[in-house]
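Given next are the chains, with one letter for each unit.
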Amino acid sequence: MANTAGLIDIKLRAGFDKGAMNTAQREVGKNMQLMANRSKQAGMAINSTIAMSILPFGAALAGAFGFGAAAAVKFEEQFAAVKKTLDVAGEGAEVEAAFQGIARQLRNIAKVSPASIQELTQIAAVGGQLGIAAADIVTFTDTIQKLTVATNMGAEDAAMALARLQKITNLASSDIDNLGSVIVRLGNNFATTESEIVTAATQIATATAGIQTEFNNAAVDAIAFATALRAVGQPAQAGSTAIIRLIQVIKRLNMAGGDQLKTVAMIAGTTVEEFQGLFEIDPSRGLALFIEGLGEFEKKGGDVTGVLKELNLDTLRTSRALMALARAEGEGGLSLIAEALGLANTEFTENTALLTEAERRYETVASQLKILKNIVNENAISFGEQFLPQINNFVFAL
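Residues numbered from 1 in each chain as written. Predicted model: local features only at pLDDT ≥ 70, side-chain atom pairs only at ≥ 80, totals over all residues. Heavy atoms only, no water.

Working note: a packed helix pair is described by the angle between its axes plus the distance between those axes. Between helix H5 (residues 93-110) and helix H6 (residues 117-129), the least distance of the axes is 9 Å, while the angle of their chain directions is 130 degrees. Classified by the interaxial angle, the pair formed by H5 and H6 is oblique. Considering the relative orientation of H5 and H6, their crossing is right-handed. Of the residues in H6, those in contact with Leu 106, Arg 107, Ile 109 and Ala 110 of H5 are Ile 117, Leu 120, Thr 121 and Ala 124. Of the residues in the contact of H5 with H6, the class split is six nonpolar, one polar and one charged. (Axes fitted to C-alpha atoms, helices over the stretch in contact; angles between N-to-C directions. Helix = DSSP H or I, 4+ residues; strand = E, 2+ residues; numbered from the N terminus. Parallel < 35°, antiparallel > 145°, perpendicular 65-115°, else oblique. Left-handed = near helix turned anticlockwise from the far one by under 90°. Contact = heavy atoms within 4.5 Å. Nonpolar A, V, L, I, M, F, W, Y, C, P; charged D, E, K, R; others polar.)

Following this line, the structure appears as structure tokens:
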């Protein structure tokens, strides 16, 4: 362990170019310095029995102890934040065993991902704060770390966004990974970024959750609407407000009936009964038909402004956002909103985009260097954690 930096240097010379090697050395050097500082503190807490048992074996083992103890102390501190936010059922040893299992799984993720154990514990802590159950926290953390690798989203922002979407829409914990794939797929196929999508989607979800049926998914629909709005250049706040207002109006009219609902059905190209039936089964498809219909009505010279005024959708923000969507064309002869909804629902079922994109990023030299660094750190933690009880006992005895 005392020669760790040298061993890494040899491996990098064999497998990577000089630029990558220098980068790795700087990163490892920084990590070694950080751990050296921590080990200095930890070393002061080691009792004479431990010291006497290690030092006879030479400087190499003493250095390994310092390196490992520092890594173990740091990880224990990082994981304490996770334990603080998670509610684990049981008592005493049972609870501690559950936490040890979570810690072990998080460390296993770090061995195959460029995300550091510090980043993973931060994600888990945020998830716990936002109500992710202890039984789901490892899966949640793995999904978020893949998102941070595959997209332009930061770990904390991604964790908060997905946790909120799950809570708002009552999305099953087992479907969080699917939702991550939807975000990646739409970010790759439309003129917007993943961070822009989730910013708008978390606002729209409050409305789509109110029209969710067993045949549609409120979180997926919110992401599709957000994607389409951002792709046509609508600001997150203004675009979200427009969709929320549209959902409120159509939902109310679908229940109340009357002349205004006749206007909605006419614009959507259906009868009143057909529109009511569609909205009960797949409300987002009904909304998309209405938005598409506005575009067709305008092309034919219809008074779109008059229609929006009749339906109380004529505020500047709302009308501007709705007409931007209505005029936007997608691929394959579809409207942009129809394409976004179709692609989102397909990807939610297939769930391939997130893993595929993350694996591509894992293969880069930069990611491989981070993974190598994580493996070195994991070995240090594994070696050093066996000494933590003695260190704690000595500190408490002071």
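In the Ramachandran plot, Asn 170 falls in the positive-phi region, its phi being about 60 degrees despite a non-glycine side chain. On the secondary structure map, Asn 170 appears in the loop between helix H8 (155-169) and helix H9 (176-189). Even without a glycine there, the phi angle at Asn 312 is positive, about 60 degrees. Residue position: Asn 312 is located in the loop between helix H16 (304-310) and helix H17 (316-327). Classification of Asn 312 by relative accessible area gives partly exposed; the value is 40%. (Buried < 20%, exposed > 50% of the residue type's maximum accessible area, 1.4 Å probe, protein only.)

Let us look at the pattern of salt bridges. Under the definition given, this model contains 14 salt bridges. Note that Arg 360 is salt-bridged to Glu 357, the shortest N-O span being 2.9 Å. Of this pair, Arg 360 and Glu 357 are both found in helix H19 (residues 353-362), three residues apart, which corresponds to roughly one turn of the helix. On the basis of relative accessibility, which here comes to 10%, the residue Glu 357 falls in the buried class. Glu 357 is the partner of Arg 361 in a salt bridge, and the nearest nitrogen-oxygen pair spans 3.3 Å. Placement of both Arg 361 and Glu 357 in helix H19 is noted, with a separation of four residues, approximately one turn of the helix. (Salt bridge = Lys/Arg side-chain N within 4 Å of Asp/Glu carboxyl O.)

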